[in-house]
Amino acid sequence: MPLLSCSIPTPLGDMLAVASPQGLCLLEFIGQQGVERELAQVQAARGGAPAQPGASAVLAQVAVELGEYFAGQRQCFGVPLDLVGTPFQLRAWQALLAIPFGQTRSYASQARAIGQPTATRAVAAANGSNKVSIVVPCHRVIGSDGRLTGFGGGLPRKRALLALEDAGGQRDWLQESRGP
């Protein structure tokens, strides 16, 4: 079965979703830098055929879950994932999935979480290669000094996602730079 794709509107811009029969492979903001490269990587890793516009249970589920997330009704995603990356990237992305809604971590904390405390830069590069935005929450990783750092969708979107996850403005997420 081929890769299927669709566009999903969100308050921060339309997103391209691509799914295999196993799960979501790509979810990125349309027009952001690097989307075409990521799409080509997913297509190559899943048989080489181009993704075709279409509908599937996975695409329908991610659309519903994104709508709930942006409406403040979802803190955890249940859509199945079919991530495309190196073994190191997959480990880094699993650490991202472990960051709770409304919390942030530093890249150094993420490196420690995967058992490679000296791999901070490699973890940052792996986060930059994350092809499933929001669901695999790379937006929750900030600099050790609490500053916002790179995000493929742009820092204004990262800021908006962190603000959305801020429980009613009750905490200053910029001051939270280190997790457990």
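Residues numbered from 1 in each chain as written. Predicted model: local features only at pLDDT ≥ 70, side-chain atom pairs only at ≥ 80, totals over all residues. Heavy atoms only, no water.

1. So, the domain arrangement of the protein chain
Heads up, the condition is: Start and end positions for the domains come from either an automated domain assignment or a database one. Contacts were defined at the residue level, with two residues in contact if any of their heavy atoms lie within 4.5 Å. Throughout, the accessible surface (probe 1.4 Å) given up by two parts as they are put together, summed over both, is called the buried area. By salt bridge we mean one thing: a side-chain nitrogen of Lys or Arg within 4 Å of a carboxyl oxygen of Asp or Glu.
The domain architecture assigned to the protein chain consists of domain 1 (4–71) and domain 2 (87–166). Centre-to-centre separation of domain 1 and domain 2, based on C-alpha positions: 20 Å. Across the contact, 17 residues belong to domain 1 and 17 residues belong to domain 2. Roughly 1400 Å² of surface becomes buried between domain 1 and domain 2 when both sides are summed, with 64% attributable to carbon and sulfur atoms. Sorting the residues of domain 1 by area buried against domain 2 places Leu12, Phe29 and Tyr69 first, and these three jointly supply 41% of that buried surface. Our count for the contact surface shared by domain 1 and domain 2 stands at zero salt bridges.

2. Section: the confidence of the model for the protein chain
Low pLDDT means the predicted atomic positions in that stretch should not be read closely. To keep it simple, the criterion reads: What pLDDT conveys is the predictor's confidence in a given residue, as a value from 0 to 100. Under the DSSP-based scheme used, a helix requires at least four consecutive residues in state H or I and a strand at least two consecutive residues in state E, with every element numbered from the N terminus.
Of all residues in the protein chain, 92% attain a pLDDT of 70 or more, and the chain-wide mean is 87. Across the protein chain, element-level confidence peaks in strand S1 (residues 4–8) with a mean pLDDT of 97 and bottoms out in strand S6 (residues 141–142) with 86. Here residues 167–180 is modelled with pLDDT under 50, and outside its nearest four sequence neighbours on either side it reaches 31 contacts, counting other chains as well.

3. Focus on the pattern of salt bridges
The criterion, for reference: For the exposure calls, accessible area comes from a 1.4 Å probe over protein chains only, and a residue counts as buried if that area is under 20% of its type's maximum, exposed if over 50%, partly exposed in between.
By the definition in use, this model includes four salt bridges. Between Arg46 and Asp82 there is a salt bridge; the shortest N-O distance is 2.8 Å. Linking Arg46 in the loop between helix H1 (35–45) and strand S4 (52–53) with Asp82 in the loop between helix H2 (57–70) and helix H3 (87–97), this pair joins segments that are 36 residues apart in sequence. Classification of Arg46 as partly exposed rests on a relative accessible area of 31%. Measuring nitrogen to oxygen at the nearest pair gives 4.0 Å for the salt bridge that ties Arg74 to Glu65. Under the relative-accessibility criterion, Arg74 is labelled partly exposed at 21%. It is possible to trace a salt-bridge network through shared partners that takes in Glu65, Glu68 and Arg74.

4. Description of the nonpolar core
The nonpolar side chains of a soluble globular protein tend to be buried with one another. Condition: The definition of a nonpolar core used throughout is a set of buried Ala, Val, Leu, Ile, Met, Phe, Trp, Tyr and Cys residues joined through side-chain atoms within 4.5 Å.
By size, the foremost hydrophobic cluster in this structure holds 35 residues, and its most contacted members are Leu24, Leu27, Val62, Leu66, Ile134 and Val135. Put simply, the parts of the chain that give this core at least two residues each are S1, strand S2 (15–19), strand S3 (24–29), H2, H3, helix H4 (107–113) and helix H5 (120–128). With six residues, the single largest contributor to this core is H2. Lining this core are residues from two domains, each supplying at least three of them: domain 1 (4–71) and domain 2 (87–166). The contact partners of Leu66, leaving out residues within four places of it in the chain, are Ile8, Thr10, Met15, Leu27, Phe77 and Ile134. Ranked by size, the runner-up nonpolar core spans ten residues in total, among them Leu3, Leu26, Ala51 and Val84.

5. A word on H3
The test is simple: The arc in question is the one traced by the directions running from the helix axis out to the C-beta atoms.
If you check which residues of H3 are buried, you get Gln89, Ala92, Trp93, Ala95 and Leu96. An end-on view of H3 places all buried positions within 150 degrees of arc, on one side of the element. Against the buried residues of H3 lie H4, H5 and S6.

6. Some points on the pairing of S3
Note the cut-off: Two strands form a pair only when DSSP identifies at least two bridges running between them.
Of all the six residues making up S3, six are buried; the element is thus mostly covered by neighbouring parts of the structure. Judged from the five bridges that link them, S2 and S3 form a sheet pairing that is antiparallel. Bridged to Leu16 within S3 is Glu28. Where S2 hands over to S3, the hairpin turn is made up of four residues, counted between the paired strands.

7. Topic: unusual backbone geometry
We note that Ile134 has phi near 70 degrees; this positive angle belongs to a residue other than glycine. One can find Ile134 in the loop between H5 and S6. Of the residues examined, Ile134 reaches a relative accessible area of 1% and is grouped as buried.

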